[in-house]
Amino acid sequence: MFEQWLNTWRAVADPAQWQKLAAQANPGHTESAGSASVNPFAALGGFPSFPGFPGFPGMNVMNGISGGNSGGVSGQLPFAMPAMPNIPTAAIAPQRLQELQSSFSRDATELIKQASAQSIDLATLKDRRFSTPAWQSAPGFAFAAAWYVLNARYLQELAEAVEGDHKTRERIRFAVQQWAAAASPSNYIALNPDAQKALIESRGESLQKGMMNLLADMQRGKIQQSDESGFVVGKNIATTQGSVVFENDLLQLIQYTPRTATVRERPLLIVPPCINKFYILDLQPEGSLVAHALDAGHQVFMISWRNADASIAHKTWDNYIEEGVLTPIDVVKQISGREQINTLGFCVGGTMLATALAVLAARGEHPVASMTLLTAMLDFSDTGVLDVFIDEQHVKMREQTIGGKDGKAPALMRGVEFANTFSYLRPNDLVWNYVVDNYLKGRTPQAFDLLYWNSDSTNLPGPMFVWYLRNTYLENRLRNPGEVTTCGEQVDLSKIDVPTFLYGSREDHIVPWTAAYASAPLLSGPQTFVLGASGHIAGVINPPSKNKRSFWVLDNTDKTLPADSDAWFGGATEHPGSWWPTWTQWLDGYAGKKVKPKANLGSDDFPVIEPAPGRYVLQRDQ
């Protein structure tokens, strides 16, 4: 098995093997004599399967490149690679390819010398997968780790050297990242000394537990990333006091209990993303954005999206805007007795919120005093790494299978598909790390609130999802005035002339911060942009009590942002800690005067239905 693994990586490094392996991956397809030598990635589809626990044979993450079907794992493995559309042949300039080959040969020769002298120092690899002493316990383990890192780096350099259009290059980078992550020796019990040590010391118990973990995850369809027994929604997570005061087929509306003697007269309505549960904004008390806003004296309402089932599989984008955003805005106005309210949209919730406000503007209605957009996109020119999954073929497939096209019955976009796809955006951290710990070593993951939330995914109605996929990610029509019609109105985002607070995360791989910034030119009214450190979730959920990370903002009173994001960053100042106080201070300016809170939640027309967090959030996608 070890020899097969080494031979596989030798094939990666040897251009003489590429044309042969490409032919194996694409039987019946002929290439010109020199084409395979400049298209090494086609060969990866013909690589042999890797034997060994936990059932890796059959996985071919390179199918999208090699011209095979666009599937990932055959069967029900919980670490199945999400389907990726096929991509065209790519090439590398011969001179650059020769440079990379020469560099690889030099490094490989040096590594073999070190292996012969048994002097491989894994600390120089700076790879935590091989950081334990066990990897130095035998020359074979050390060589396997070093040989893998060398070849993976070489393969990634080949991907960077590809010539072609941006989408092709990004797909090749992504697929190479997946292949390299999957082919690490740490993922196989025959090559992982830590897993072997656990097996021996536990007298086989680690293998038994690992198999039980694997079987349980196969039933759930995804890898367990957190000890789910450690959390109960409403008991030790999503515990901020409040009540459900309205519900319909798509949502429950939560009104939170005020926590200060006086409150701002204009309430805040939060529209969270509909592909996960709302409580990312109300995790544990010290990390709750809801609690922070309440402690700052704001009245807070939150939408809790329903986990879609067959009864609402027919719902459309228009339904989600009308019933999911416009209706809650009206309900919050009626309960508070105010003509205008403040609003916040997070991720796709921000896209939905802006669309709803544009619909209202087209109707001559302006019920919102301010809008906050957190890691949200209105201009989908740069959709980050998710772009590798989107093309006309993929969107048509979704329209035909779940979108109700051609008279077919609509179906659901399963939340587990979202969860698995997002995990593969960081495969080492969110997939293979758990394959090794959960299955090879038989461990149970630690309880972690953010990863518990991450696994609590939500289904979406197919027609709603495919409309969003085509009109935003594929065709980017929302940014063009009048090109999209929603709820019977032509959407023109420039008619949204309210003060807007825009936030992006600097290391966000789902909504690049420059894409979050690109919303600004589409909107009217005064604008403030804040850039936080870290990623899509960790950058947003950064409470002041943690005193972590930092954020950037323009330290001036200008209400107009520079047209270019680089120009903005050049003038921005970095501040330590959380951006939350900056946001609540900004929100104070549009929330009206301080008043005494009402004695009871809800109103005569909208009485309390049940305590927060309500029933809808408890419906898990199993």
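Scroll up for the structure.
Nothing here was measured: the structure is a model prediction, and the numbers come from that model.

1. So, the overall build of the chain
Across its full length, the chain carries 19 helices and 19 strands. When burial is assessed residue by residue, the chain has 57% of its 622 residues classed as buried. Counted over contacts in the chain with a minimum sequence separation of 6, partners at least 24 positions apart contribute 79%. By element, 50% of the accessible surface of the chain is carried by carbon and sulfur atoms, the whole surface being about 24,700 Å².

2. Digging into unusual backbone geometry
Here the bond from Ala-612 into Pro-613 is cis, since omega is 10°, no more than 30 degrees from zero. Looking at the secondary structure, you find Pro-613 in the segment after β19 (610-611). The backbone of Gln-118 shows a phi angle near 50°, a positive value even though the residue is not glycine. Its location among the elements puts Gln-118 in the loop between α4 (94-116) and α5 (139-160).

3. Quick word on the packing of α5 against helix α6 (residues 166-182)
Packing of α5 against α6 brings their axes to within 9 Å, and their N-to-C directions diverge by 170°. Classified by the interaxial angle, the pair formed by α5 and α6 is roughly antiparallel. The residues of α6 that touch α5, namely those facing Tyr-148, Ala-152, Leu-155, Gln-156, Ala-159 and Glu-160, are Arg-169, Ile-172, Arg-173, Val-176, Trp-179, Ala-180 and Ala-181. A breakdown of the residues in the contact of α5 with α6 according to their chemical character gives 9 nonpolar, 1 polar and 3 charged.

4. What about the environment of Leu-386?
Summarising the element assignment, Leu-386 is placed in the loop between β9 (368-374) and α12 (392-401). Take Leu-386: its relative accessible area is 10%, and that puts it in the buried class. Residues Leu-386 and His-509, 123 residues apart in the sequence, show an inter-C-alpha distance of 8.3 Å.

5. Here we look at the environment of Phe-278
Position of Phe-278 relative to the elements: it lies in the loop between β6 (268-271) and α9 (289-295). For the pair Phe-278 and Trp-453, spaced 175 residues apart in the sequence, the C-alpha separation amounts to 9.1 Å. If we ignore the near neighbours within four places in the chain, the residues touching Phe-278 are Ile-254, Tyr-256, Pro-272, Met-302, Ile-303, Ser-304, Pro-613 and Val-617.

6. A short note on the environment of Glu-163
Residue position: Glu-163 is located in strand β2 (residues 162-163). On a C-alpha basis, the gap between Glu-163 and Ile-92 in space is 5.7 Å, while along the polypeptide they are 71 residues apart.

7. Overview of the nonpolar core
Counting residues in hydrophobic clusters, the biggest one holds 86 residues, and the most contacted among them are Leu-253, Met-352, Leu-493 and Trp-568. Beyond its immediate chain neighbours, meaning those up to four positions away, Leu-253 contacts Ser-243, Val-244, Val-245, Phe-246, Leu-269, Phe-301, Met-302, Ile-303, Pro-328, Val-331 and Val-332. Counting residues in hydrophobic clusters, the runner-up holds 42 residues, among them Phe-278, Val-553, Trp-579 and Tyr-590.

8. Focus: helix α7 (residues 193-201)
Residues Pro-193, Asp-194, Ala-195 and Ala-198 constitute the buried set of α7. With a side-chain oxygen positioned 2.9 Å from the backbone nitrogen of Asp-194, the residue opening α7 is Asn-192. In the stretch just after α7, Arg-203 is the one whose phi turns positive, near 55°.

9. Observations concerning the packing of aromatic side chains
Using the criterion set out here, one finds 30 aromatic pairs in the structure. A ring pair is formed by Phe-130 and Trp-135, whose centres lie 4.9 Å apart and whose planes are at 80°; its orientation type is edge-to-face. Given a relative accessible area of 2%, Phe-130 falls into the buried group. Centre to centre, the rings of Tyr-468 and Tyr-473 are 5.8 Å apart; their planes meet at 80°, and the pair counts as edge-to-face. A residue is classified by how much of its surface remains accessible, and Tyr-468, at 12% relative accessible area, is buried. Through a chain of ring-to-ring contacts, three or more aromatic side chains come together here, namely Trp-513, Tyr-517, Phe-529, Trp-552, Trp-568 and Phe-569. Across from the ring centre of Trp-552, 4.9 Å away, lies the NZ or CZ of Arg-506, which sits over that ring.

10. A word on the pattern of salt bridges
In total, this model carries 36 salt bridges according to the counting rule given. With its nearest N and O atoms 2.7 Å apart, the salt bridge here joins Asp-127 to Arg-129. Overall, Asp-127 belongs to the buried group, its relative accessible area being 18%. Its relative accessible area of 22% is what places Arg-129 among the partly exposed residues. Because the salt bridges share partners, they merge into one network encompassing Glu-392, Lys-396, Glu-399, Lys-405, Arg-470, Glu-475, Arg-477 and Glu-483.

11. A look at the side chain of Ser-423
By secondary structure assignment, the location of Ser-423 is in helix α13 (residues 415-423). In this structure Ser-423 comes out as buried when scored by relative accessible area, which is 8%. Every residue in contact with Ser-423, bar those within four places of it in the chain, is listed here: Gln-225, Leu-430 and Val-431.

12. Structural notes on the packing of helix α8 (residues 205-220) against helix α14 (residues 427-440)
Closest axis-to-axis distance for the α8/α14 pair is 7 Å, and the angle between their directions is 120°. When the axes of α8 and α14 are compared, the pair comes out oblique. Seen from α8, the contacting residues are Ser-206, Lys-209, Gly-210, Asn-213, Leu-214 and Asp-217; seen from α14, they are Asn-438, Tyr-439 and Leu-440. Residue composition of the contact of α8 with α14, by class: 3 nonpolar, 4 polar and 2 charged.

13. What about the sheet that holds β6?
Spatially, 11 strands are ordered β17-β16-β15-β14-β9-β8-β6-β7-β4-β3-β19 in an open sheet, and the strand pairing comes out mixed. The strands lining the two open edges of the sheet, one partner per strand, are β17 (573-576) and β19. When strand β16 (residues 550-553) meets β17, the two strands line up antiparallel, connected through 4 bridges. Note on β17: the bridge partner recorded for Val-553 is Thr-573. Lying over the sheet, helix α19 (residues 580-588) contacts β6, β8 (341-346), β9, β14 (500-505), β15 (527-532) and β16, oriented at roughly 165° with respect to β9.

14. Comments concerning the pairing of β6
Along β6, one buried face is formed by Leu-268 and Ile-270 and the opposite face, lined by Leu-269 and Val-271, is buried too. Inspection of the sheet shows β6 paired to strand β7 (residues 300-305) by 3 bridges, in the parallel sense. Bridged to Leu-268 within β7 is Val-300. Crossover β6 to β7 through α9 is right-handed. Both β6 and β8 contribute to a ladder of 4 bridges, which runs parallel. Its bridge partner being in β8, Leu-269 is matched across the sheet by Thr-343.

Quick notes on the rules
Residues numbered from 1 in each chain as written. Predicted model: local features only at pLDDT ≥ 70, side-chain atom pairs only at ≥ 80, totals over all residues. Heavy atoms only, no water. Helix = DSSP H or I, 4+ residues; strand = E, 2+ residues; numbered from the N terminus. Buried < 20%, exposed > 50% of the residue type's maximum accessible area, 1.4 Å probe, protein only. Contact = heavy atoms within 4.5 Å. Areas by Shrake-Rupley, 256 points an atom, 1.4 Å probe, with all protein chains shown as cover. Axes fitted to C-alpha atoms, helices over the stretch in contact; angles between N-to-C directions. Parallel < 35°, antiparallel > 145°, perpendicular 65-115°, else oblique. Nonpolar A, V, L, I, M, F, W, Y, C, P; charged D, E, K, R; others polar. Core = buried A, V, L, I, M, F, W, Y, C linked by side-chain atoms within 4.5 Å. Polar contact = N/O pair within 3.5 Å; in protein donor to acceptor, adjacent residues only side chain to side chain. Phe/Tyr/Trp six-rings, centres within 6.5 Å; stacked < 30°, edge-to-face > 60°. Lys NZ or Arg CZ within 6 Å of the ring centre and 35° of its normal. Salt bridge = Lys/Arg side-chain N within 4 Å of Asp/Glu carboxyl O. Pairing = 2+ DSSP bridges. Right-handed = clockwise from strand over helix to strand, strands pointing away.

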